[in-house]
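Geometric and topological summary
Here's the letter readout for the chains.
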Amino acid sequence: MVLREDAGAVTVLPRQFPTNRGGLCQKGWTAAELLDHPERLTTPLLRDPHTGELRPATWDAALDRIVTGIRAIQRESGRDAVAVFGGGGLTNEKAYTLGKFARIALRTRHIDYNGRFCMSSAAAAGLRAFGVDRGLPFPLADLARADTVLLVGANPAETMPPMVRWLTEQRRNGGRLIVVDPRATATARQADLHLQPLPGTDLAVANALLHIALTEGWIEQAYVAERTTGFPAVRRSVAAWWPARAEQLSGVPVADLEATARALGTAGRAVILTARGAEQHAKGVDTVTAYVNLALALGLPGRPGSGYGCLTGQGNGQGGREHGQKADQLPGYRHIDDPVAREHVAGVWGVPADELPGPGVPAYQLLDSLGTPDGPRALLVFGSNPVVSAPRAARVEGRLRGLDLLVVADLLLSETAALADVVLPTAQWAEEDGTMTNLEGRVLRRRALRQPPPGVRTDLAILADLATRLAAAEPATGPAAADPVATAAARFPTDPAAVFAELRRASAGGPADYAGISWSRIDDADGVFWPCPTEDGPDTPRLFTDRFATPDGRARFHPVDHRPAAEPVCADYPLHFTTGRVLAQYQSGTQTRRVDALRRAAPGAFVELHPDLAARLGIDDGDPVRVTSRRGDLRAPARLSPTIRPDTVFAPFHWSGPARANSVTNDAVDPISGMPEFKICAVRVEKA
Ligand SMILES: Nc1nc2c(c(=O)[nH]1)N[C@H]1C(S)=C(S)[C@@H](COP(=O)(O)OP(=O)(O)OC[C@H]3O[C@@H](n4cnc5c(=O)[nH]c(N)nc54)[C@H](O)[C@@H]3O)O[C@H]1N2
Ligand SMILES: Nc1nc2c(c(=O)[nH]1)N[C@H]1C(S)=C(S)[C@@H](COP(=O)(O)OP(=O)(O)OC[C@H]3O[C@@H](n4cnc5c(=O)[nH]c(N)nc54)[C@H](O)[C@@H]3O)O[C@H]1N2
Ligand SMILES: [Mo]
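We now turn to the structure provided with this report. (Residues numbered from 1 in each chain as written. Chains lettered and ligands numbered in written order. Predicted model: local features only at pLDDT ≥ 70, side-chain atom pairs only at ≥ 80, totals over all residues. Heavy atoms only, no water.)

Another aspect to go through is the side chain of Glu 567. Relative to the elements of secondary structure, Glu 567 occurs in the loop between strand S21 (555-556) and strand S22 (575-580). Judged by its relative accessible area of 8%, Glu 567 falls in the buried class. Separated by 2.8 Å, the side chain of Glu 567 and the backbone nitrogen of Ala 682 make a polar contact. Non-local contacts of Glu 567, meaning those with residues more than four positions away in its chain, are made with Arg 630, Arg 631, Asn 666, Glu 677, Cys 681 and Ala 682. (Helix = DSSP H or I, 4+ residues; strand = E, 2+ residues; numbered from the N terminus. Buried < 20%, exposed > 50% of the residue type's maximum accessible area, 1.4 Å probe, protein only. Polar contact = N/O pair within 3.5 Å; in protein donor to acceptor, adjacent residues only side chain to side chain. Contact = heavy atoms within 4.5 Å.)

Right, here's the structure in full:
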């Protein structure tokens, strides 16, 4: 998009661009409203120890309080007693700096971020199958050429409207769209075929699809032989997944499973895409793996117009997961346990490799450990609102309240910021330069249109301020003769161009290699796809055309089996509860609940119920209802709709207070990715 500023008012205009072709969703059109919003934070806030209220303070007082607090806590309880929580909405430059800040300014192992709640299951599955995790290994425009597109647990008509144009074009070209969702969403209603499984049964569906493809002889034998390893074990494991068994579990009729397998197995070009509906489960990694197995057996990945992909969510959901805000990660998508990676990155940062901490723990585990005897005593949050968005949120809220020091940098007083000891007002998207990497792995520029309002600093400036003050408070160690404050200032530049130049060096040679990407090249080329190791060499719009990113170049099959949801339904909690999004609200709602047009379009939470279920429970449309799980409850008006399964209820998670969906959700996590089970738990529903 393009921004124009006229007499102080900012307007958002569309721009012809290959990913969205000038399309924006309503949240994009209205985003400028937040720049001058009356509730915008313009001064730091400090909690008054006597009254317990947040009060405006100077930057000096706020930063002093933070640095004194951090140093005292680390002196008493060790470096790991301070933790950092980041966000997938931060630019690459900020995500990179946040990871670096945690590792060399705080020297804590505890950093993780909200992307753990988002793409982590698909990332882990992609990594183990393909050797690299890039959401889409091909440009989005490829979708228009596919004969069949299978969307599993994705509702792009509400969550990525500009992307739906490619699906419309695909069907205009004669292609078929198949959607797997327990609800007949706006996306499913456009599909040629809608499979409506019980939540949490996608893995069984995928194994049955592969079973059918095997029986019918639709496996690409040559591809499997030349480009993959491990198929025999998968073939054996799906042998037990005859379609009638999958129908019994999922409720998807055998005929629909067969039609889906045929549409994929006999297509010239086919694409399988997963999103949060399939991934946000305690078996999310295995579920994605089952769809990757299917794609590999059909020979799709790396073939033009075909493949497997994950629809990455947040603004910088891709770049945010590459440059070191993940607990186990260093920039360039390197592993923090890898001695070579540590040497390289430590070299760029100018510190000894053995000073870099080891891996931390995934987001939920981190949040749940806060303030406990073995957990961190302080937390710094940049770009997330876990009081609303974390699973089992009441418990997380309690953990945050139990901290000795909570620092939140935000543009607005989010529910998490409202609990903080120190709140730092930060710049927004239109006020700072930087880069974002989109769902295609395409690195894009984000350009500043204007300065932040007086009193507001950028995240980069905040991190630099903290790093220099921490250095000043650090007792001198070792023979380092240099002035520690000057060294810290040099290590934490506030100019995003300087940060990006360093990020390029830090990522060089890693899986997500940005070394050849300059801002001017991005400008000249409508974005640049990583890996891009040299400035004059090519970038990589399509991965896997010749080889996969594994040591032997072959993709890896992994046998995976269905397992039930972490919390089965029972007599007391007889219904399945699932959560997701609506078109007009974004995430924890901090930003969108404050925009008039969006609030009018989606004023509050609701509980979506099938009319038959509602009749059984004596609930009418609009009645206040209570949804209760073992963790807590949510209250919101009923919205009756025949589009949802009668055994399942749905609520959006954008609201806080009594309507908070995450008061209800389960905090069971995937053993590999750490992804919480946002998409299924057992509940009871009654009129409130
Ligand atoms: N309007 C809007 N757009 C957004 C966002 C937003 O908050 N609001 N957030 C952005 C972000 S960060 C993300 S991650 C993306 C998410 O984009 P999506 O993944 O498309 O969004 P969700 O609504 O979370 O989930 C998609 C669908 O999964 C279905 N579902 C629930 N349980 C299951 C299940 O067990 N199996 C299957 N197959 N489906 C299931 C739900 O009914 C829902 O329709 O959206 C991005 N875009
Ligand atoms: N039940 C349920 N829960 C879910 C999900 C679900 O489907 N169901 N989805 C999960 C998913 S996929 C996601 S991505 C998470 C998202 O949930 P959160 O992590 O809470 O994400 P946001 O609401 O985007 O929070 C971003 C916060 O950072 C602020 N912010 C925005 N830009 C900046 C910036 O540049 N700098 C700083 N310092 N702050 C900024 C915003 O004002 C806002 O308060 O929710 C997860 N929670
Ligand atoms: Mo997300």
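A full pass over the atoms with the stated rule returns 0 disulfides. Counting only cysteine sulfurs, Cys 118 is the nearest neighbor of Cys 310, a cysteine outside any disulfide, at a range of 7.6 Å. In this structure Cys 681 is not part of a disulfide, and its nearest cysteine sulfur, from Cys 570, lies 11 Å away. (Disulfide = S-S within 2.5 Å.)

Let's shift gears to the sheet that holds strand S8 (residues 176-180). Strand order in the open sheet made by the 5 strands is S9-S8-S7-S11-S12, with parallel pairing throughout. For this open sheet the edge positions go to strand S9 (193-195) and strand S12 (307-310), each flanked by a neighbour on one side alone. Taken over all neighbouring pairs, the strand axes of this sheet differ in orientation by 15° on average, direction set aside. Summarising the sheet, S8 and S9 pair through 3 bridges and their orientation is parallel. In the strand pairing of S9, Ile 178 is matched with Leu 193. Against the sheet, helix H11 (residues 254-265) touches strand S7 (148-152), S8, S9 and strand S11 (270-274), its axis set at about 125° to S9. (Pairing = 2+ DSSP bridges. Axes fitted to C-alpha atoms, helices over the stretch in contact; angles between N-to-C directions.)

Lining the immediate surroundings of ligand 2 are 30 residues, of which Asn 114, Ser 384, Ser 389, Asp 410 and Ser 588 lie closest. The separation between an oxygen atom of ligand 2 and a polar side-chain atom of Ser 389 is 2.7 Å. In this structure, a nitrogen atom belonging to ligand 2 sits 2.8 Å away from a side-chain N or O atom of Asn 662. Protein chains shield 95% of the accessible area of ligand 2, which is 920 Å² for the free molecule. Split into classes, the residues belonging to the shell around ligand 2 amount to 9 nonpolar, 16 polar and 5 charged. Each of domain 1 (35-116 + 316-493) and domain 3 (575-687) contributes no fewer than three residues to the shell around ligand 2. (Near = heavy atom within 4 Å. Areas by Shrake-Rupley, 256 points an atom, 1.4 Å probe, with all protein chains shown as cover. Nonpolar A, V, L, I, M, F, W, Y, C, P; charged D, E, K, R; others polar. Domains from an automatic or database assignment.)

The side chains of a regular strand alternate, first on one face of the sheet and then on the other. The buried count for strand S16 (residues 405-410) comes to 6 of 6 residues, which makes it a mostly enclosed element. Every second residue of S16 is oriented toward a common face, with Leu 405, Val 407 and Ala 409 on one face and Leu 406, Val 408 and Asp 410 on the other, all of them buried. With 5 bridges joining them, strand S15 (residues 378-382) and S16 adopt parallel strand pairing. Of the residues in S16, the one forming a bridge with Ala 378 is Leu 405. Looking at chain direction, S16 and strand S17 (residues 422-425) are connected through 4 bridges and run parallel. Paired with Val 408 across the bridge in S17 is Val 423.

None of this, on its own, says anything about what the molecule does.
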